[in-house]
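Summary of the model geometry
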Amino acid sequence: MAGQGAHATVAVTGATGALGGRLARRLAEQGVPQLLVGRDVDRLPELPGTERRGPAGYADAAAMRAALDGASTLVLVSGRPTGRRLEEHATAVEAATEVGVDRVLYVSLLGAGPEATYRNARDHWLTEQFLAGSGVRHTVVRAGIYASTPASLADDALTVRGPGGSGRAAFVTHEDIAAVMAAVLLDDGPVSEHDGAVLEVTGPEALTLSEAVAQIAESTGRPYRYVAETPEEAFVRRWRMGLSGEQIEAWISWYLAIAGGGLSTVTDVVPRLTGSPAARVVEADWWPAPGRAS
Ligand SMILES: NC(=O)c1ccc[n+]([C@@H]2O[C@H](COP(=O)([O-])OP(=O)(O)OC[C@H]3O[C@@H](n4cnc5c(N)ncnc54)[C@H](OP(=O)(O)O)[C@@H]3O)[C@@H](O)[C@H]2O)c1
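Residues numbered from 1 in each chain as written. Predicted model: local features only at pLDDT ≥ 70, side-chain atom pairs only at ≥ 80, totals over all residues. Heavy atoms only, no water.

Some thoughts on the overall build of the protein chain
For the protein chain, the count of helices and strands is 10 helices and 11 strands. Expected size for 294 residues packed as a compact globule is a radius of gyration near 19 Å; at 19 Å, the protein chain falls within 12% of this value. Considered along the principal axes of its C-alpha atoms, the protein chain spans approximately 55 × 35 × 35 Å. Within the protein chain, the fraction of its 294 residues that count as buried is 51%. Within the protein chain, residue pairs in contact and separated by at least 24 positions form 73% of the contacts whose partners lie at least 6 positions apart. (Helix = DSSP H or I, 4+ residues; strand = E, 2+ residues; numbered from the N terminus. Rg over C-alpha atoms; globule rule 2.2 N^0.38 Å. Buried < 20%, exposed > 50% of the residue type's maximum accessible area, 1.4 Å probe, protein only. Contact = heavy atoms within 4.5 Å.)

Re the pattern of salt bridges
For the structure on display, the rule yields 17 salt bridges. Glu175 is the partner of Arg22 in a salt bridge, and the nearest nitrogen-oxygen pair spans 3.5 Å. In this pair, Arg22 is assigned in helix H1 (residues 18–29) and Glu175 in helix H6 (residues 174–186), connecting sequence segments 153 residues apart. We note a salt bridge from Glu249 to Arg122, for which the minimum N-O separation is 3.2 Å. In this pair, Glu249 is assigned in helix H9 (residues 245–259) and Arg122 in helix H4 (residues 119–134), connecting sequence segments 127 residues apart. Taking the relative accessible area as the measure of exposure, Arg122 reaches 28% and is therefore partly exposed. Sharing partners across several salt bridges, the network here consists of Arg22, Arg26, Glu175 and Asp285. (Salt bridge = Lys/Arg side-chain N within 4 Å of Asp/Glu carboxyl O.)

Let's talk about a nonpolar patch on the surface
Together, Phe235, Val236 and Trp239 make up an exposed nonpolar region whose accessible area comes to about 310 Å². By the secondary structure assignment, Trp239 is in helix H8 (residues 231–240). Judged by relative accessible area, which is 53%, Trp239 ranks as exposed. (Patch = residues over 30% accessible without salt bridge, like charges linked within 9 Å, V, L, I, M, F, W, Y side chains within 5 Å. Areas by Shrake-Rupley, 256 points an atom, 1.4 Å probe, with all protein chains shown as cover.)

What to know about H6
Given a rise of 1.5 Å per residue, 13 residues ought to cover 18 Å, and the 18 Å separating the end C-alpha atoms of H6 matches this to within 8%. Of all 13 residues making up H6, 10 are buried, and the element is well covered by its neighbours. Residues of H6 that are buried include every one of His174, Asp176, Ile177, Ala178, Ala179, Val180, Met181, Ala182, Val184 and Leu185, and no others. (Expected span 1.5 Å × (residues − 1).)

Section: the nonpolar core
Core analysis: the largest hydrophobic core is formed by 54 residues, its most contacted members being Leu23, Leu74, Val75 and Met181. By residue number, the principal contributor to this core is H6, which donates 7 residues. Excluding residues within four positions of it along the chain, Leu74 makes contact with Ala11, Thr13, Leu68, Ala92, Val93, Ala96, Val101, Arg103, Val104 and Leu105. Leu158, Leu209, Val213 and Trp251 belong to the second largest nonpolar core, which has 35 residues in total. (Core = buried A, V, L, I, M, F, W, Y, C linked by side-chain atoms within 4.5 Å.)

What about empty space enclosed by the protein?
A full pass over the atoms with the stated rule returns 1 cavity of 30 Å³ or more. The wall of the largest cavity is formed by Ala147, Ser148, Val172, Thr173, His174, Ala284, Asp285 and Trp286. (1 Å grid on protein atoms, 1.4 Å probe; cavity = no way out; pocket = protein on both sides within 12 Å on 5 of 7 lines; lining within 4 Å. Points joined across faces, edges and corners; volume = space filled by probe spheres on them.)

Overview of H1
Over its 12 residues, H1 runs 17 Å from end to end, which matches the ideal 16 Å to within 8%, given 1.5 Å per residue. Within H1 the residues assigned to the buried category are Leu19, Gly20, Gly21, Arg22, Leu23, Ala24, Leu27 and Ala28. Elements in contact with the buried residues of H1: strand S1 (10–13), strand S2 (34–37), strand S4 (73–77), strand S5 (103–109) and H6. Once H1 ends, the next one or two residues include Gly31, with phi positive near 75°.

Below is the structure:
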């Protein structure tokens, strides 16, 4: 119904977070009616044309049904890796379709696949497979590696240390991913060219971690730097930090996925869908505090 002044009601999950919050603000600016769904209603943003719904976590089918009632479209921002992320996502999608949602936009991860190097990319692929088999109209947005992530991996001395070697990745800003999602959602007629699509959202250039971290240093004016280590060195250091095996594997495999080069392809999705060039890392609008990822 785009262009007729009326939009389908979009339920945005993850709206307390960095990506969902940016999407909600963009849709509000476009006059799209929204249900903002969260686990803590008080932390949801207050925006024009929105209703705050919850508390509702993905695993709670009844709470999700109540929160999503009245929506036509569900934006499912992937939850944190819990070991049961597929089940949580499936519960949320099933709750949505039970109350009449007929379109889903899922935020997946670049490189999602059954044999992905990055541990967290493997269960994103499981959710993608669930959606493909569900029969619901859907679009998968595979977000590239966040431009902000190296900043959150830095230690207190602003050093990013890990086995990323000199591999490259096309780091992308949250703002550009939100802009792509908004473009997909604003194409809200009965059919859309994005139905069934898998959109790989990347930044404009493939950078080594050294180059990406140098751009963070330039943007923040602070002396961030990258130091490559071997997987063995990374394991020992993280084990001594008291991390679990699962956390260590996720952390190390994130770097190894970059080292392997499989995340370095630059796509045209941002310019094609938003009409603007993708932002460089140095242009990102925010930086998480060092150590946040741990
Ligand atoms: N592409 C990348 O490089 C990259 C990097 C890191 C993470 N990610 C993925 O992208 C997602 C969004 O990124 P972000 O930067 O916006 O993260 P974020 O700021 O941590 O926000 C995550 C959002 O998801 C919500 N959430 C998490 N688990 C949930 C659950 N089980 N049920 C209901 N809501 C849940 C959180 O709600 P609460 O406020 O209640 O916790 C929060 O609103 C992350 O959750 C993660 O899956 C991607």
